[in-house]
Amino acid sequence: MKGLLTSKFALNGLFVKLMLSFLSVILILASFNLFSHLYLSNKIYQEMVRQNELGLAQTVEGYENHFRLTQNMILALTQSDTWTANLGILSHIKENRRYDLPTEVKSDLSTLYTNPFLHIDNFILYFKQEDYVLEKEGLSSANDMFGKYYYSKEYPPDYWKSQTMNNQFLKVMPAAVFTENTLHSSRSLGQLMPVMMKAIPYEDVYGIVMLNPQRMQDTYGDAGNNPFYILDNEGHLLFTTDGNMPTPQLPADGSRHERIGDQYYFYEKGKQTGFTYVRVTQAAVIAAEMRGMQLLLAVLLGAAILVSVLSSLFFSLRLNQPLQRLIAALDRTTDGGPDKWSSVKEFAMIGDRLSSILENNRYIQSDLAQKNSLVRQYAYTHKVKNIPLSSYLADLEEVRQPDQPYVSILFKVGFKSLSDEFGQHTLLLWKLIQSLFSSSQNNSVALQPEQDQLLLLLFDPGPQSGILQALETLKELLATEESLYLTIAVSPVYSGEIPFTDAYRNLSILLKERRLNGETQIIVEPRASSSNAFHVKVTYGEELHNLLQSGNEEAVLAWLDRQLEQLLHKDAAAEDFRTFAIGAVEQIGKTVMKLNLTHIESELLSSPPGEAFAGFHSMQQYREWLQALAQPVLAAVRSQLETRDPVITFVLDYLDHHYGEDINLNIVADKLNLTSGYLSSIFKEKTSINFSEYLNNLRTERAKELLVNVDLRIQDIATQVGYQNVNSFIRMFKRRYGMTPGEYRKRHAGDEPFISSSHG
């Protein structure tokens, strides 16, 4: 036998021959991969440079075509006789008073700035002698246009007054950041690139086209983050995507790319404009890509060799071991010589081996039968690990003995005052509970669904009265504890037919039966409550909303006190107080939204309703919290009532009564005999919000009230609040509330689950 083992891996053995065959194939494949890697590495750099040059060429072609198209569109407009005549009249508008012409000229301008392919933000006609401008919003003075509506420190009003075109037709100017400054707000218009043109044949009339270079870059540029520049014929910077880097200098030798420091600069000159386009790529990026490629190929090659060698070793052993075991089995002898299986030695060896296998199998079966209870207990313990509760409760069903009765107890801890030792106190409390019940119940499982909850499953528990007596003892122990209290939900004795998940769901509902106090409570069955209808009245009624709009603090606080007293008188559960408080918050939010108290609205939306008073255990805590919430809103309402503008009052009232109709800014402006532009400006100035944004907020707020009615289809709700397209409604609702209407309905209009009362 010893000689057999020592010769198992001999040079002429099966294992060695198999391994040598595998290794020879691996060596050939590895040599081919290494040669391919060395060959491809020499081509990587040239390919990366070529890709950058091709990408820049495509970008330049897009920009050049865009500038050519813009110039052709402007030339086509200026060659119109009607256009030339209208400009002549408008250049002396103070003398001829032809104020009807701006509308016709604006229509001509709109063919340019409304074309989505030209990326034009605005087309401004500047009448230098008359010192006014005409653009898409209408007429305004040059100082207002360039000092307020299109202000840039690089292009102040005096800059435009000093500009001349000489013999040029178009002059492209460097891009700059423009802002719109009104009385109470400032809005960024982003980067714009002015293109100035002469309105032939008038020397004092200029057209200023505001191109959006960022949209042009998004359309024609590459998808990466490489810095990009546009330089004019003299090398001056017109546009860049990276303002932190210095303006590149054009190469004197006219090369298409060069390396300067840690960057590669790629140059391309436009044939139409003569502009130079520059793309900058970090040298480290190309080097990193090369190193990354080389490292990847090396890792792949090494991994392939390693996997191949290990696979070869594995398969060689798999083929060699059965043969060696068969030889060892045939060579095996016993002290008693050949057994009774056969007088033939080889068959006797095989028979002895089979006998040994059967004996081991009988021993294993006997051992498994004896340890069945230990295996079952291990399965329960394993399910308690970090697995979702619904998953391991369902898995516990698989290892539970059929028809085994059990009792489930759900503990929820509450703290009268939170501290840094919250987790430590909770852990000690759970240990106390488990030790209390493990002393009398040897067959139990403890699970922790939440940080503040403990679920205890007691199998073969005996009568429920004994469990309640142990819980009363626990209640007495906690009576002296001033910082915490427990809510204990106890199930009846269930038969083995009731799933654990149903028991847990029923206990979770029982927890909501807790009354509002700071004492430990044991809940066995639900108690009747007459405050359910009161929730609907508070949440969806108009009484609190009307009181808030009046600004009467005394009436609002008295109403809140009255509702809390009614809940207390009706013996309402703590969950009823919480639901009432959430309803009051929603009503206050409705008032804040309707009156457009934006600074108050941001505070209301800072945290989800219910989080602030989740740990309240007395009516006084709710009273003080609700009063603190209502008082700043009432102060803001009173302040707004004192300064309400009659135009804004009409608009807000009209929208409140007609939001479900097909209305827009023009319709409301006509009813006030105002222009839509003026109404939009004054509405934004007085309310600090756009007209369309306010209307969408109002409609989605009304939709929230309708979504709780599950009989209404979402499409019908969208129509009722003024949206003819249900997709637009869903998009606006999700933008404002972070969830779709369907998700909101599931969260706020779900039915309460049934509490099972089956007894084992």
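Conventions and cut-offs
- Residues numbered from 1 in each chain as written.
- Predicted model: local features only at pLDDT ≥ 70, side-chain atom pairs only at ≥ 80, totals over all residues.
- Heavy atoms only, no water.
- Patch = residues over 30% accessible without salt bridge, like charges linked within 9 Å, V, L, I, M, F, W, Y side chains within 5 Å.
- Areas by Shrake-Rupley, 256 points an atom, 1.4 Å probe, with all protein chains shown as cover.
- Salt bridge = Lys/Arg side-chain N within 4 Å of Asp/Glu carboxyl O.
- Helix = DSSP H or I, 4+ residues; strand = E, 2+ residues; numbered from the N terminus.
- pLDDT = per-residue confidence, 0-100.
- Contact = heavy atoms within 4.5 Å.
- Buried < 20%, exposed > 50% of the residue type's maximum accessible area, 1.4 Å probe, protein only.
- Arc of directions from axis to C-beta.
- Core = buried A, V, L, I, M, F, W, Y, C linked by side-chain atoms within 4.5 Å.
- Pairing = 2+ DSSP bridges.

(A) Molecular detail of a nonpolar patch on the surface. The grouping of Phe-22, Phe-314 and Phe-315 at the surface amounts to a nonpolar patch, some 290 Å² of accessible area in total. Among the secondary structure elements, Phe-22 is positioned in helix α2 (residues 14-78).

(B) Main features of the confidence of the model for the protein chain. Of all residues in the protein chain, 78% attain a pLDDT of 70 or more, and the chain-wide mean is 77. Long-range and interchain partners of residues 1-7, a stretch whose pLDDT sits below 50, account for three contacts in this model, where long-range means more than four residues apart.

(C) Representation of helix α28 (residues 741-748). Every buried residue of α28 is accounted for by Pro-741, Tyr-744 and Arg-745. For α28, the angular spread of buried residues about the axis comes to 100°, placing them on one side. For α28, exposure combined with an orientation more than 90 degrees from the buried face picks out Lys-746 and Arg-747. Its buried side turned inward, α28 meets α25 (691-707), α26 (714-720) and α27 (726-737).

(D) Broad picture of the nonpolar core. Core analysis: the largest hydrophobic core is formed by 41 residues, its most contacted members being Phe-123, Leu-125 and Tyr-277. Here the element with the most residues in this core is α2; it accounts for seven residues. Not counting chain neighbours up to four residues away, the residues in contact with Leu-125 comprise Trp-83, Leu-87, Val-105, Leu-109, Tyr-132, Val-133, Leu-134, Tyr-206 and Gly-207. Formed by 30 residues, the second largest nonpolar core is a distinct cluster that contains Leu-516, Leu-597, Leu-634 and Ala-636.

(E) Quick peek at the pattern of salt bridges. The final tally for this structure, using the stated rule, is 13 salt bridges. A salt bridge links Arg-187 to Glu-180, with the shortest nitrogen-to-oxygen separation between them at 2.8 Å. By relative accessible area, Glu-180 is classed as partly exposed at 22%. In this structure, the salt-bridge partner of Asp-716 is Arg-713, at a minimum N-O distance of 3.2 Å. With relative accessibility at 31%, the residue Asp-716 sits in the partly exposed group. Overlapping salt bridges, with partners in common, bring together Glu-513, Arg-515 and Asp-571 in one network.

(F) Quick peek at the pairing of strand β14 (residues 444-447). Across four bridges, β14 lies against strand β15 (residues 453-459) in antiparallel orientation. Across the sheet, the residue bridging to Ser-444 is Leu-458, located in β15. With antiparallel pairing between neighbouring strands as the criterion, β14 and β15 make up a hairpin whose turn holds five residues.

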